[in-house]
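An overview of the molecular structure
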Amino acid sequence: DGATGMTQIIAVVNMKGGVGKTSTVISLADAIGATSRSSVLVIDVDTQANASFCLLGEDLRATISSGKTVDTFLRRALTEKPAPNISEYIRRNVSNTLARGKQANISLLASSTDLRVSEREVIRELSRSGETLDGVEVKLLNALRHHIATLGEEFDYIIVDCAPGISPFTSAAIGMADLVVLPTIPDFLSDLGLHSFIANFGPNLPFAVAKKKPRVLFTRSQARGKRSRLWNPARGKNEMINTHKKYEDEIRKRSTAKDAGFMVFKQSIDESPAMPAAMAMGGVVGKTVTFQQKYPGSLGDAVIAVKDEILEVLK
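Below is a short write-up of the structure.

Analysis parameters
Residues numbered from 1 in each chain as written. Predicted model: local features only at pLDDT ≥ 70, side-chain atom pairs only at ≥ 80, totals over all residues. Heavy atoms only, no water. Helix = DSSP H or I, 4+ residues; strand = E, 2+ residues; numbered from the N terminus. Rg over C-alpha atoms; globule rule 2.2 N^0.38 Å. Buried < 20%, exposed > 50% of the residue type's maximum accessible area, 1.4 Å probe, protein only. Contact = heavy atoms within 4.5 Å. Lys, Arg positive; Asp, Glu negative; His and termini not counted. Charge placed at Lys NZ, Arg CZ, Asp CG, Glu CD. Salt bridge = Lys/Arg side-chain N within 4 Å of Asp/Glu carboxyl O. 1 Å grid on protein atoms, 1.4 Å probe; cavity = no way out; pocket = protein on both sides within 12 Å on 5 of 7 lines; lining within 4 Å. Points joined across faces, edges and corners; volume = space filled by probe spheres on them. Nonpolar A, V, L, I, M, F, W, Y, C, P; charged D, E, K, R; others polar. Phe/Tyr/Trp six-rings, centres within 6.5 Å; stacked < 30°, edge-to-face > 60°. Lys NZ or Arg CZ within 6 Å of the ring centre and 35° of its normal. Polar contact = N/O pair within 3.5 Å; in protein donor to acceptor, adjacent residues only side chain to side chain. Core = buried A, V, L, I, M, F, W, Y, C linked by side-chain atoms within 4.5 Å. Pairing = 2+ DSSP bridges.

1. Re the overall build of the protein chain
- In terms of helices and strands, the protein chain carries 12 helices and 13 strands.
- By the compact-globule yardstick of 20 Å for 315 residues, the protein chain fits well, its C-alpha radius of gyration being 20 Å.
- Dimensions of the protein chain, computed from C-alpha atoms along their principal axes, come out at roughly 65 × 50 × 35 Å.
- For the protein chain, buried positions account for 54% of its 315 residues.
- A separation of at least 24 residues holds for 76% of the contacts in the protein chain among residues at least 6 apart in sequence.
- When the 40 basic and 34 acidic side-chain charges of the protein chain are each reduced to a single mean position, those positions are 4 Å apart.

Okay, structure coming up:
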């Protein structure tokens, strides 16, 4: 189970959207690429294709037009013989982040806005041949494992940006992952999404998942020293409150229970205007920046700390 050969696979997923999955994927890829000689492949299986836009910018349109996207590849891999060569669908050297004066070694298997349509076509086609939904998910998982194995040791790390929820493509990504990372805003709605994911992780999938427990990464958090003036219904008045700290502490406490289905990273990523700016910066073709320019100050320090924690878990 898990990664093929020495390649380590990380699936970034949550039931809820808007929690920072894509920024986690891109910043983690940048951190690995900029601070080591490791090679990273980003696989985008989110129909919004945000990670692909962050890495390719307007060049993504040409990639989609050429059919060199993950949805086209998976549809052909499952329904055609001979199967296509996954290597031909990968865009190499897509990063604009510098590593020791050179371009960080980051590649991309891009998504497209047609991903959801392709996913339904795959399910429909395999269902006609008698496959159940579980069978479809197992076929997707086996196909991904097989084709990633053909890449040999070209990539040290594969990071998968998953769509919100647990679609068949997301299930396959979870099934082949060595580690599942759950970006979560420490607030009421994101906590509901975390509950939902943990309830569906493992027991409702038709295959074994990573032996390591999924790990929550707090994202877009209000810094612990900051407070906002909010209405406190318990006291019937406005108070200076840090609601994120309350949920963060509560979730961390739940993670220590013996039957907890998840763990929590020590480091969190606080809300910062520099993060969306960094995501937009990636698609500026022909312009290269250092990691520190892209993720300035405390944001860069936090991203590096998260990267270090993740790589330690994967050892």
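2. Some details on the pattern of salt bridges
- Inspection of the entire model under this criterion finds 11 salt bridges.
- Across the pair Asp-191 and Arg-254 runs a salt bridge, and its minimum N-O distance is 2.9 Å. On the criterion of sequence distance, the pair formed by Asp-191 in helix H8 (residues 188-200) and Arg-254 in helix H9 (residues 243-255) is long-range, its members being 63 residues apart.
- On the basis of relative accessible area, Asp-191 is assigned to the buried category, the value being 6%.
- The exposure class assigned to Arg-254 is partly exposed, which follows from its relative accessible area of 23%.

3. Observations regarding empty space enclosed by the protein
- Taken as a whole and judged by the stated rule, the model has one cavity of 30 Å³ or more.
- Of the pockets and cavities examined, the largest cavity occupies roughly 30 Å³.
- Lining the largest cavity, in full, are Ile-43, Val-45, Leu-74, Leu-144, Val-160, Phe-169, Ala-173 and Met-176.
- Elements represented by at least two residues in the lining of the largest cavity include exactly strand S2 (40-45) and helix H7 (168-176).
- A per-element tally of the lining of the largest cavity places H7 first, with three residues.
- Per-class residue counts for the lining of the largest cavity are eight nonpolar, no polar and no charged.

4. Describing the layout of surface pockets
- Taken as a whole, the largest pocket holds about 460 Å³ of empty space.
- Around the largest pocket sit 26 residues that line it, and Gly-20, Lys-21, Thr-22, Ser-23 and Arg-220 are the ones nearest its centre.
- Elements with a contribution of two residues or more to the lining of the largest pocket: helix H1 (21-35), strand S8 (215-221), strand S12 (269-270), helix H10 (274-281) and helix H12 (297-314).
- Top contributing element to the lining of the largest pocket by residue count: H1, with six residues.
- Classifying every residue of the lining of the largest pocket by side-chain character gives nine nonpolar, 10 polar and seven charged.

5. As for the packing of aromatic side chains
- Summed over all chains, the structure comprises two aromatic pairs.
- Ring centres of Phe-291 and Tyr-295 lie 4.8 Å apart, and the angle between their planes is 35°; on these two criteria the pair is classed as tilted.
- A relative accessible area of 2% means that Tyr-295 is categorised as buried.
- One cation-aromatic arrangement involves Lys-68 over Tyr-89; the distance from NZ or CZ to the ring centre is 4.7 Å.

6. Here's the deal with the side chain of Thr-7
- Position of Thr-7 among the secondary structure elements: in the segment before strand S1 (8-12).
- Here the side chain of Thr-7 touches Phe-155 through a polar contact of 2.8 Å, landing on its backbone oxygen.
- Residue contacts for Thr-7: discarding those within four places in its chain leaves Gly-152, Phe-155, Asp-156, Tyr-157, Ile-158 and Asp-178.

7. Details of the nonpolar core
- Membership of the largest hydrophobic core comes to 48 residues, with the highest contact counts inside it found for Ile-43, Val-160 and Val-180.
- Here this core takes six residues from helix H6 (residues 133-149), the largest share from any one element.
- With residues up to four places along the chain from it excluded, the contact list for Ile-43 reads Val-70, Leu-109, Ile-148, Ile-158, Ile-159, Val-160 and Asp-161.

8. Notes on the sheet that holds strand S3 (residues 97-99)
- The strand order S4-S3-S13 describes an open sheet built from three strands, whose pairing is mixed. The open sheet is flanked by strand S4 (102-103) and strand S13 (289-290), the only strands paired with a single partner.
- Relative to S4, S3 is paired through two bridges, and the arrangement is antiparallel. If you follow Leu-98 over to S4, its bridge partner there is Gln-103.

9. Re the pairing of S2
- By the criterion of burial, S2 is predominantly enclosed, with six of the six residues buried.
- Alternating positions in S2 separate into two faces, Val-40, Val-42 and Asp-44 on one and Leu-41, Ile-43 and Val-45 on the other, with burial throughout.
- In this sheet, strand S5 (residues 106-109) lies alongside S2 in parallel orientation, the contact comprising four bridges. Directly across from Val-40, in S5, lies its bridge partner Ile-106.
- Of the pairings in the sheet, the one linking S2 to strand S6 (residues 157-162) comprises six bridges and is parallel in character. Counterpart to Val-45 in the pairing with S6 is Cys-162.

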